[in-house]
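Residue-level structural notes
So the chains spell out like this:
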Amino acid sequence: MGILEKISEIEKEISRTQKNKATEYHLGLLKAKLAKYRVQLLEPTKGSGLKGEGFDVMKSGDARVALIGFPSVGKSTLLNKLTKTHSEAGAYEFTTLTCIPGKIEHNGANIQLLDLPGIIEGAAQGKGRGRQVIAVARTADLIVMMLDATKSGQQRTLLERELEAVGIRLNRGKPNVYFKVKTGGGISFNATVKLSHLNEKMVYHILHDYKIFNAEVLVREDITVDEFIDVVLGNRKYIKCLYVYNKIDSITLEELDKLAHELNTIVISCEMDLNLDYLVDQMWRHLNLLRVYTKKRGEYPDLEGGLIVRKGATVEHVCHAIHRSLADEFRYALVWGTSTKHNPQRVGLSHIVDNEDIIQVVKKK
(Lines give C-alpha, C1' and ligand atoms only; values in the text may rest on other atoms or scores of the structure.)
Protein backbone atom coordinates (compact mmCIF):
# COMPACT_ATOMS: atom_id res chain seq x y z
CA MET A 1 0.00 0.00 0.00
CA GLY A 2 1.41 3.40 -1.03
CA ILE A 3 1.49 6.57 1.09
CA LEU A 4 -1.53 8.10 -0.69
CA GLU A 5 -3.59 4.97 -0.03
CA LYS A 6 -2.54 4.96 3.65
CA ILE A 7 -3.52 8.65 3.97
CA SER A 8 -6.87 7.93 2.31
CA GLU A 9 -7.55 4.98 4.65
CA ILE A 10 -6.77 7.02 7.79
CA GLU A 11 -8.91 9.97 6.58
CA LYS A 12 -11.84 7.58 5.99
CA GLU A 13 -11.42 6.05 9.46
CA ILE A 14 -11.33 9.53 11.07
CA SER A 15 -14.52 10.55 9.22
CA ARG A 16 -16.24 7.28 10.27
CA THR A 17 -15.29 7.61 13.95
CA GLN A 18 -17.69 9.49 16.22
CA LYS A 19 -16.09 12.34 18.17
CA ASN A 20 -16.60 11.92 21.91
CA LYS A 21 -14.60 11.38 25.11
CA ALA A 22 -14.30 7.62 24.50
CA THR A 23 -12.84 7.99 20.97
CA GLU A 24 -10.68 11.08 21.66
CA TYR A 25 -7.56 9.00 22.37
CA HIS A 26 -8.01 6.81 19.25
CA LEU A 27 -8.53 9.89 17.04
CA GLY A 28 -5.39 11.49 18.46
CA LEU A 29 -3.26 8.49 17.44
CA LEU A 30 -4.86 8.46 13.95
CA LYS A 31 -4.06 12.18 13.50
CA ALA A 32 -0.45 11.54 14.52
CA LYS A 33 -0.12 8.80 11.88
CA LEU A 34 -1.81 11.00 9.27
CA ALA A 35 0.61 13.88 9.93
CA LYS A 36 3.58 11.48 9.67
CA TYR A 37 2.47 10.13 6.27
CA ARG A 38 1.83 13.65 4.96
CA VAL A 39 5.39 14.66 5.89
CA GLN A 40 6.71 11.60 4.02
CA LEU A 41 4.59 12.54 1.01
CA LEU A 42 5.91 16.13 0.91
CA GLU A 43 9.53 15.23 1.63
CA PRO A 44 10.28 12.10 -0.43
CA THR A 45 13.36 10.09 0.43
CA LYS A 46 16.59 10.57 -1.51
CA GLY A 47 16.78 8.53 -4.66
CA SER A 48 12.99 8.24 -4.91
CA GLY A 49 13.11 9.78 -8.38
CA LEU A 50 14.28 12.73 -10.39
CA LYS A 51 13.81 16.20 -8.99
CA GLY A 52 10.79 18.06 -10.30
CA GLU A 53 11.05 21.47 -11.88
CA GLY A 54 10.39 24.23 -9.35
CA PHE A 55 9.59 27.87 -10.02
CA ASP A 56 10.63 29.74 -6.91
CA VAL A 57 12.06 33.21 -7.49
CA MET A 58 14.69 35.08 -5.49
CA LYS A 59 13.26 36.88 -2.48
CA SER A 60 13.60 40.64 -2.84
CA GLY A 61 12.22 43.82 -1.27
CA ASP A 62 11.09 44.32 2.32
CA ALA A 63 8.40 41.60 2.34
CA ARG A 64 6.90 38.85 0.18
CA VAL A 65 3.20 38.32 -0.55
CA ALA A 66 1.92 35.20 -2.35
CA LEU A 67 -1.32 35.17 -4.37
CA ILE A 68 -3.06 31.81 -3.97
CA GLY A 69 -6.38 30.71 -5.41
CA PHE A 70 -8.21 28.44 -7.79
CA PRO A 71 -7.73 28.99 -11.53
CA SER A 72 -9.37 32.03 -13.17
CA VAL A 73 -10.23 34.05 -10.03
CA GLY A 74 -8.30 37.19 -11.09
CA LYS A 75 -4.80 36.73 -9.61
CA SER A 76 -2.99 37.80 -12.79
CA THR A 77 -5.32 40.78 -13.28
CA LEU A 78 -4.63 41.92 -9.69
CA LEU A 79 -0.85 41.64 -10.26
CA ASN A 80 -1.17 43.75 -13.44
CA LYS A 81 -3.23 46.41 -11.60
CA LEU A 82 -1.00 46.70 -8.51
CA THR A 83 2.45 46.37 -10.13
CA LYS A 84 4.19 47.34 -13.36
CA THR A 85 4.64 43.66 -14.23
CA HIS A 86 2.57 42.03 -16.97
CA SER A 87 1.07 38.63 -16.25
CA GLU A 88 -1.02 36.94 -18.94
CA ALA A 89 -4.72 37.16 -18.01
CA GLY A 90 -7.49 35.31 -19.81
CA ALA A 91 -11.08 34.11 -19.45
CA TYR A 92 -9.90 30.49 -19.47
CA GLU A 93 -8.36 28.44 -16.64
CA PHE A 94 -4.59 27.90 -16.09
CA THR A 95 -3.54 31.08 -17.96
CA THR A 96 -0.56 31.36 -15.57
CA LEU A 97 1.72 28.29 -15.67
CA THR A 98 4.71 29.60 -13.70
CA CYS A 99 5.49 31.99 -10.83
CA ILE A 100 5.47 35.65 -11.92
CA PRO A 101 6.91 38.24 -9.49
CA GLY A 102 5.87 41.89 -9.30
CA LYS A 103 6.73 44.81 -7.02
CA ILE A 104 4.38 47.09 -5.06
CA GLU A 105 5.79 50.40 -3.79
CA HIS A 106 3.87 51.58 -0.73
CA ASN A 107 4.90 53.90 2.14
CA GLY A 108 8.51 53.66 0.98
CA ALA A 109 8.51 49.85 1.12
CA ASN A 110 9.08 47.45 -1.77
CA ILE A 111 6.65 44.55 -1.41
CA GLN A 112 7.24 41.54 -3.67
CA LEU A 113 3.95 40.16 -5.01
CA LEU A 114 3.99 36.64 -6.49
CA ASP A 115 1.35 35.50 -8.98
CA LEU A 116 1.23 31.71 -8.57
CA PRO A 117 -0.54 29.23 -10.88
CA GLY A 118 -4.06 28.32 -9.78
CA ILE A 119 -4.17 25.28 -7.52
CA ILE A 120 -6.77 22.53 -7.73
CA GLU A 121 -8.28 20.19 -5.18
CA GLY A 122 -5.64 17.60 -4.28
CA ALA A 123 -2.74 20.07 -4.61
CA ALA A 124 -1.28 18.78 -1.33
CA GLN A 125 -0.75 15.40 -3.03
CA GLY A 126 1.03 17.09 -5.93
CA LYS A 127 -1.87 17.47 -8.40
CA GLY A 128 -1.59 20.32 -10.93
CA ARG A 129 1.89 21.45 -9.78
CA GLY A 130 0.31 22.04 -6.37
CA ARG A 131 3.45 20.97 -4.52
CA GLN A 132 5.58 23.69 -6.18
CA VAL A 133 2.90 26.36 -5.60
CA ILE A 134 2.62 25.50 -1.92
CA ALA A 135 6.43 25.36 -1.53
CA VAL A 136 6.60 29.01 -2.69
CA ALA A 137 3.69 29.95 -0.40
CA ARG A 138 5.67 28.66 2.61
CA THR A 139 8.35 31.31 1.94
CA ALA A 140 5.84 34.21 1.97
CA ASP A 141 5.33 36.71 4.80
CA LEU A 142 1.65 37.05 3.89
CA ILE A 143 -0.76 34.96 1.83
CA VAL A 144 -3.48 36.70 -0.17
CA MET A 145 -6.15 34.08 -0.89
CA MET A 146 -8.02 35.15 -4.02
CA LEU A 147 -11.64 33.98 -4.10
CA ASP A 148 -14.47 34.40 -6.59
CA ALA A 149 -17.40 36.28 -5.01
CA THR A 150 -19.79 34.74 -7.55
CA LYS A 151 -19.00 31.15 -6.48
CA SER A 152 -19.84 29.18 -3.34
CA GLY A 153 -18.16 29.68 0.02
CA GLN A 154 -16.83 26.11 -0.23
CA GLN A 155 -13.82 27.37 -2.27
CA ARG A 156 -12.36 29.05 0.85
CA THR A 157 -12.72 25.86 2.93
CA LEU A 158 -11.11 23.73 0.19
CA LEU A 159 -8.09 26.04 -0.13
CA GLU A 160 -7.63 26.20 3.65
CA ARG A 161 -7.73 22.39 3.77
CA GLU A 162 -5.05 22.09 1.08
CA LEU A 163 -2.74 24.52 2.90
CA GLU A 164 -3.45 22.87 6.27
CA ALA A 165 -2.45 19.48 4.82
CA VAL A 166 1.03 20.73 3.95
CA GLY A 167 1.75 22.39 7.28
CA ILE A 168 0.70 26.00 6.60
CA ARG A 169 -1.29 27.44 9.49
CA LEU A 170 -3.28 30.55 8.56
CA ASN A 171 -3.84 33.43 11.02
CA ARG A 172 -2.73 31.32 13.98
CA GLY A 173 0.11 31.71 16.45
CA LYS A 174 2.65 29.07 17.40
CA PRO A 175 1.42 26.92 20.34
CA ASN A 176 2.93 27.94 23.68
CA VAL A 177 4.68 24.63 24.32
CA TYR A 178 8.27 23.93 25.35
CA PHE A 179 9.48 20.76 23.63
CA LYS A 180 13.03 19.42 23.61
CA VAL A 181 14.33 15.99 22.55
CA LYS A 182 16.96 14.63 24.97
CA THR A 183 19.48 11.80 24.85
CA GLY A 184 18.18 10.06 27.98
CA GLY A 185 15.91 10.24 31.01
CA GLY A 186 12.65 9.19 29.37
CA ILE A 187 9.71 11.51 28.71
CA SER A 188 8.98 14.31 31.18
CA PHE A 189 5.49 15.82 30.79
CA ASN A 190 4.11 18.85 32.67
CA ALA A 191 1.30 21.34 32.09
CA THR A 192 0.74 24.75 33.71
CA VAL A 193 -2.95 24.85 32.65
CA LYS A 194 -5.87 22.41 32.68
CA LEU A 195 -5.86 20.41 29.41
CA SER A 196 -9.18 19.45 27.82
CA HIS A 197 -7.91 17.74 24.63
CA LEU A 198 -4.55 16.27 25.64
CA ASN A 199 -3.28 13.97 28.41
CA GLU A 200 0.02 12.39 29.42
CA LYS A 201 -0.83 8.96 27.97
CA MET A 202 -1.66 10.46 24.56
CA VAL A 203 1.56 12.53 24.55
CA TYR A 204 3.61 9.37 25.30
CA HIS A 205 2.00 7.40 22.45
CA ILE A 206 2.31 10.25 19.92
CA LEU A 207 6.02 10.68 20.75
CA HIS A 208 6.61 6.90 20.58
CA ASP A 209 4.90 6.89 17.16
CA TYR A 210 7.58 9.34 16.02
CA LYS A 211 10.34 7.18 17.60
CA ILE A 212 10.96 9.78 20.36
CA PHE A 213 11.58 8.08 23.72
CA ASN A 214 13.45 10.85 25.60
CA ALA A 215 12.03 14.36 25.68
CA GLU A 216 10.91 17.22 27.90
CA VAL A 217 7.39 18.62 27.31
CA LEU A 218 5.93 21.67 29.07
CA VAL A 219 2.47 22.78 27.90
CA ARG A 220 1.57 26.38 28.80
CA GLU A 221 -1.85 26.61 27.07
CA ASP A 222 -4.84 24.37 26.38
CA ILE A 223 -3.88 22.94 22.98
CA THR A 224 -5.45 20.30 20.73
CA VAL A 225 -3.85 17.03 19.58
CA ASP A 226 -3.22 18.58 16.13
CA GLU A 227 -1.36 21.51 17.68
CA PHE A 228 0.83 19.18 19.76
CA ILE A 229 1.69 17.18 16.60
CA ASP A 230 2.64 20.50 14.94
CA VAL A 231 5.05 21.20 17.82
CA VAL A 232 6.62 17.72 17.57
CA LEU A 233 7.13 17.99 13.79
CA GLY A 234 8.53 21.52 14.12
CA ASN A 235 8.22 22.27 10.38
CA ARG A 236 4.92 24.16 10.41
CA LYS A 237 4.65 27.67 8.97
CA TYR A 238 2.43 30.19 10.75
CA ILE A 239 1.49 32.79 8.14
CA LYS A 240 -1.03 35.63 8.14
CA CYS A 241 -3.70 35.46 5.45
CA LEU A 242 -6.02 37.98 3.81
CA TYR A 243 -9.14 36.60 2.11
CA VAL A 244 -9.80 38.71 -0.99
CA TYR A 245 -13.10 38.30 -2.83
CA ASN A 246 -12.89 39.48 -6.44
CA LYS A 247 -15.75 40.19 -8.93
CA ILE A 248 -17.97 42.00 -6.39
CA ASP A 249 -19.51 43.94 -9.29
CA SER A 250 -21.38 40.72 -10.20
CA ILE A 251 -23.15 40.10 -6.85
CA THR A 252 -25.96 41.78 -4.91
CA LEU A 253 -25.43 44.40 -2.17
CA GLU A 254 -26.70 41.94 0.48
CA GLU A 255 -24.12 39.31 -0.54
CA LEU A 256 -21.40 41.97 -0.67
CA ASP A 257 -22.23 43.23 2.83
CA LYS A 258 -22.14 39.68 4.21
CA LEU A 259 -18.70 38.98 2.68
CA ALA A 260 -17.24 42.35 3.76
CA HIS A 261 -18.04 41.66 7.44
CA GLU A 262 -16.10 38.37 7.56
CA LEU A 263 -12.85 38.36 9.54
CA ASN A 264 -9.63 39.24 7.63
CA THR A 265 -11.69 39.70 4.46
CA ILE A 266 -11.47 42.38 1.75
CA VAL A 267 -13.87 42.74 -1.19
CA ILE A 268 -12.55 44.08 -4.52
CA SER A 269 -13.23 44.28 -8.23
CA CYS A 270 -10.14 44.15 -10.44
CA GLU A 271 -12.25 44.85 -13.53
CA MET A 272 -13.67 48.11 -12.10
CA ASP A 273 -10.66 49.05 -9.88
CA LEU A 274 -12.79 48.93 -6.72
CA ASN A 275 -11.13 48.94 -3.27
CA LEU A 276 -7.60 48.16 -4.57
CA ASP A 277 -5.96 50.99 -2.56
CA TYR A 278 -7.54 49.65 0.64
CA LEU A 279 -6.21 46.18 -0.19
CA VAL A 280 -2.62 47.50 -0.44
CA ASP A 281 -3.06 49.38 2.88
CA GLN A 282 -4.24 46.17 4.55
CA MET A 283 -1.29 44.24 3.10
CA TRP A 284 1.04 46.82 4.70
CA ARG A 285 -0.78 46.52 8.06
CA HIS A 286 -0.82 42.70 8.09
CA LEU A 287 2.89 42.55 7.17
CA ASN A 288 3.63 44.54 10.37
CA LEU A 289 5.95 46.95 8.54
CA LEU A 290 7.15 50.22 10.08
CA ARG A 291 8.85 53.21 8.47
CA VAL A 292 11.45 55.12 10.51
CA TYR A 293 13.47 58.17 9.51
CA THR A 294 17.10 59.03 10.20
CA LYS A 295 18.57 62.39 11.21
CA LYS A 296 22.08 63.80 11.23
CA ARG A 297 23.22 66.15 14.02
CA GLY A 298 22.29 69.77 13.28
CA GLU A 299 20.21 68.86 10.21
CA TYR A 300 16.56 68.25 9.43
CA PRO A 301 15.44 64.59 9.30
CA ASP A 302 15.37 62.81 5.94
CA LEU A 303 11.61 62.40 5.45
CA GLU A 304 11.95 61.41 1.79
CA GLY A 305 13.74 58.10 2.22
CA GLY A 306 13.23 56.32 5.51
CA LEU A 307 14.04 52.77 6.57
CA ILE A 308 11.58 49.85 6.55
CA VAL A 309 11.67 47.57 9.61
CA ARG A 310 9.29 45.03 11.18
CA LYS A 311 7.00 45.73 14.14
CA GLY A 312 8.91 45.10 17.36
CA ALA A 313 12.23 46.21 15.83
CA THR A 314 14.74 47.86 18.15
CA VAL A 315 17.30 50.63 17.63
CA GLU A 316 19.83 47.82 17.02
CA HIS A 317 17.78 46.60 14.03
CA VAL A 318 17.73 50.16 12.67
CA CYS A 319 21.54 50.39 13.08
CA HIS A 320 21.97 47.15 11.09
CA ALA A 321 19.64 48.52 8.39
CA ILE A 322 21.84 51.64 8.07
CA HIS A 323 25.19 49.80 8.17
CA ARG A 324 26.22 46.44 9.61
CA SER A 325 29.13 47.91 11.62
CA LEU A 326 27.14 50.81 13.14
CA ALA A 327 25.91 48.79 16.15
CA ASP A 328 29.54 48.09 17.19
CA GLU A 329 30.32 51.84 17.19
CA PHE A 330 27.01 52.79 18.85
CA ARG A 331 27.11 55.10 21.89
CA TYR A 332 23.48 56.20 22.21
CA ALA A 333 20.56 57.37 20.07
CA LEU A 334 18.12 60.28 20.23
CA VAL A 335 14.56 59.37 19.26
CA TRP A 336 11.59 61.61 18.41
CA GLY A 337 8.18 59.98 18.04
CA THR A 338 5.43 57.93 19.67
CA SER A 339 7.79 55.34 21.18
CA THR A 340 9.29 57.87 23.61
CA LYS A 341 8.03 59.53 26.81
CA HIS A 342 9.49 62.91 25.77
CA ASN A 343 11.08 64.32 22.61
CA PRO A 344 13.91 63.75 22.08
CA GLN A 345 14.67 60.82 24.38
CA ARG A 346 18.13 59.32 24.80
CA VAL A 347 17.89 55.53 24.33
CA GLY A 348 20.03 52.42 24.00
CA LEU A 349 20.14 49.59 21.46
CA SER A 350 17.22 47.70 23.06
CA HIS A 351 14.68 50.54 22.66
CA ILE A 352 11.69 49.42 20.54
CA VAL A 353 10.84 51.88 17.77
CA ASP A 354 7.40 52.84 16.49
CA ASN A 355 6.06 53.86 13.08
CA GLU A 356 7.45 57.19 11.75
CA ASP A 357 9.95 57.63 14.60
CA ILE A 358 12.95 59.84 13.89
CA ILE A 359 16.33 58.47 15.02
CA GLN A 360 19.70 60.16 15.42
CA VAL A 361 22.54 57.73 16.17
CA VAL A 362 25.58 59.00 18.08
CA LYS A 363 28.76 56.96 17.60
CA LYS A 364 31.69 56.41 19.96
CA LYS A 365 34.53 58.83 19.47
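About the thresholds
Residues numbered from 1 in each chain as written. Predicted model: local features only at pLDDT ≥ 70, side-chain atom pairs only at ≥ 80, totals over all residues. Heavy atoms only, no water. pLDDT = per-residue confidence, 0-100. Contact = heavy atoms within 4.5 Å. Core = buried A, V, L, I, M, F, W, Y, C linked by side-chain atoms within 4.5 Å. Buried < 20%, exposed > 50% of the residue type's maximum accessible area, 1.4 Å probe, protein only. Helix = DSSP H or I, 4+ residues; strand = E, 2+ residues; numbered from the N terminus. Expected span 1.5 Å × (residues − 1). Lys, Arg positive; Asp, Glu negative; His and termini not counted. Salt bridge = Lys/Arg side-chain N within 4 Å of Asp/Glu carboxyl O. Pairing = 2+ DSSP bridges. Axes fitted to C-alpha atoms, helices over the stretch in contact; angles between N-to-C directions.

- An unreviewed UniProt entry lists the protein chain under the name Developmentally-regulated GTP-binding protein 2-like protein, with Rhizophagus irregularis as the source organism.

1. Overview of the confidence of the model for the protein chain
- Overall, the prediction assigns the protein chain a mean pLDDT of 84, with 88% of residues at 70 or greater.
- The low-confidence segment residues 45-53, where pLDDT is below 50, has 2 contacts with residues more than four positions distant or belonging to other chains.
- The low-confidence segment residues 90-96 (pLDDT under 50) makes 16 contacts with residues lying over four places distant or belonging to another chain.

2. Section: the nonpolar core
- Membership of the largest hydrophobic core comes to 57 residues, with the highest contact counts inside it found for Leu78, Leu82, Ile168, Leu279 and Met283.
- Setting aside chain neighbours within four positions, we find methionine 283 in contact with Val65, Leu82, Ile104, Leu113, Leu142, Val144 and Leu242.
- Counting residues in each nonpolar core, the second largest holds 23 residues, with Val177, Met202, Leu207 and Val217 among its members.

3. Looking at helix H5 (residues 154-165)
- Given a rise of 1.5 Å per residue, 12 residues ought to cover 16 Å, and the 17 Å separating the end C-alpha atoms of H5 matches this to within 8%.
- Along H5, the positions that sit buried rather than exposed are Gln155, Arg156, Leu158, Leu159, Glu162, Leu163 and Ala165.
- Positive phi appears at glycine 167, one or two residues downstream of H5, with a value of about 85 degrees.

4. Describing the side chain of arginine 291
- Among the structural elements, arginine 291 can be located in strand E11 (residues 289-294).
- Although arginine 291 is buried, it forms no salt bridge, and the closest oppositely charged side chain is glutamate 356 at an N-O distance of 5.9 Å.

5. A look at the sheet that holds strand E6 (residues 177-181)
- Strand order across the open sheet formed by 3 strands is E6-E8-E7, with mixed pairing between neighbours. Because the sheet does not close on itself, it has two edges, and the strands there are E6 and strand E7 (187-191). The average undirected angle you get between the axes of adjacent strands in this sheet is 5 degrees.
- In this structure, E7 lies alongside strand E8 (residues 215-219), joined through 5 bridges in parallel fashion. Across the sheet, asparagine 190 pairs through a bridge with leucine 218, a residue of E8.
- Strands E6, E7 and E8 of the sheet are contacted by helix H6 (residues 200-209), whose axis makes an angle of about 140 degrees with E7.

6. Some words on the pattern of salt bridges
- Applying the stated criterion across every chain, the model contains 11 salt bridges.
- For the salt bridge of arginine 169 with glutamate 164, the shortest nitrogen-to-oxygen distance reads 3.6 Å.
- The class of glutamate 164 is partly exposed, set by a relative accessible area of 33%.
- Aspartate 230 is the salt-bridge partner of arginine 169, the closest N and O atoms lying 2.8 Å from each other. Residue arginine 169 is found in strand E5 (residues 168-170), and its partner aspartate 230 is found in helix H7 (residues 225-233); the two are separated by 61 residues along the sequence.
- Looking at arginine 169, the relative accessible area reads 5%, which means it is buried.
- On the accessibility criterion, aspartate 230 (4% relative accessible area) is buried.
- One connected set of salt bridges, linked through shared partners, spans Glu164, Arg169, Arg172, Asp230 and Arg236.

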